[in-house]
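If you want the building blocks of each chain, they are given just below.
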Amino acid sequence: MASIVFKRSVHILAVTALAFGLAACGKSDESKTAGQKLDSAITQTEQAAQNAGDKIEEGAVKAGEATSNALGQAGDKIAGAADTAGQKVEAGAASVGAALDDAGITAAVKTELIKAPEISALQINVDTKDGAVTLSGTVPSDAVKNQAGDIAKAAKGVTSVINNLTVKAG
């Protein structure tokens, strides 16, 4: 973009310089010598070139400022998007971590239930949400129901136990 503006500016400068040179040569001022006329034309051309250069410089400064502003805004948007993405990743990681913790608690409770000889672990469902363990299913006695609840309470990471086991004699 900048090279196109520069090329156009150079073309405008060249055309302007030629126009001033031709205009100075075409004047019918008989009192000036050819050398004076040429000096005048050169001076006018130099002035036109200086004016064109000033305008090009002003345009370049404005273009630079606009580019700087656009880059600053883009940088702000990128930083905001990165912050948002980071927050979403952290929230997702926390959610995944909680799910893994719950799965680990469920596995630990099931493992301990399997180890207890009086308990038929296949008859007990264990669900965990945010550290709260829910036991459901059937057991043969109140003693087994209480033992299963105690095993669940003893597992690492358990915050509470909801013992929905029903006693059903065999």
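These notes cover the structure that comes with them. Quick caveat: nothing in here was measured; it's all calculated off a predicted structure.

### Re the nonpolar core
Nonpolar side chains tend toward joint burial in soluble globular proteins. One finds Val 109, Leu 113, Ile 119, Ile 124 and Leu 135 to be the most contacted residues of the largest nonpolar core, which totals 18 residues. Other than its neighbours up to four places away in sequence, Leu 135 contacts Val 109, Ile 124, Asn 125, Val 126, Ala 148, Gly 149, Ala 152, Val 161, Ile 162, Asn 163, Asn 164 and Leu 165.

### A closer look at helix α3 (residues 142-154)
Along its 13 residues, α3 runs 18 Å from first to last C-alpha, staying within 8% of the 18 Å computed at 1.5 Å per residue. The complete set of buried residues in α3 reads Val 144, Ala 148, Gly 149, Ile 151 and Ala 152. Along α3, the residues classed as buried sweep out an arc of 160° about the axis, all on the same side. For α3, exposure combined with an orientation more than 90 degrees from the buried face picks out Asp 142, Ala 143, Lys 153 and Ala 154.

### Looking at the sheet that holds strand β2 (residues 132-139)
In space, the three strands of this open sheet follow the order β1-β2-β3, with mixed pairing throughout. Strands with a single pairing partner mark the edges of an open sheet, and in this sheet they are β1 (124-129) and β3 (160-167). Neighbour to neighbour, the strand axes of the sheet diverge by 10° on average, direction disregarded. Of the strand pairs in this sheet, β2 and β3 are connected by eight bridges, and their pairing is parallel. Bridge pairing in β3 links Leu 135 to Asn 163. Sheet strands touched by α3: β1, β2 and β3. Its angle to β3, the strand with the most contacts, is close to 160°.

Procedures and definitions
Residues numbered from 1 in each chain as written. Predicted model: local features only at pLDDT ≥ 70, side-chain atom pairs only at ≥ 80, totals over all residues. Heavy atoms only, no water. Core = buried A, V, L, I, M, F, W, Y, C linked by side-chain atoms within 4.5 Å. Buried < 20%, exposed > 50% of the residue type's maximum accessible area, 1.4 Å probe, protein only. Contact = heavy atoms within 4.5 Å. Helix = DSSP H or I, 4+ residues; strand = E, 2+ residues; numbered from the N terminus. Expected span 1.5 Å × (residues − 1). Arc of directions from axis to C-beta. Pairing = 2+ DSSP bridges. Axes fitted to C-alpha atoms, helices over the stretch in contact; angles between N-to-C directions.

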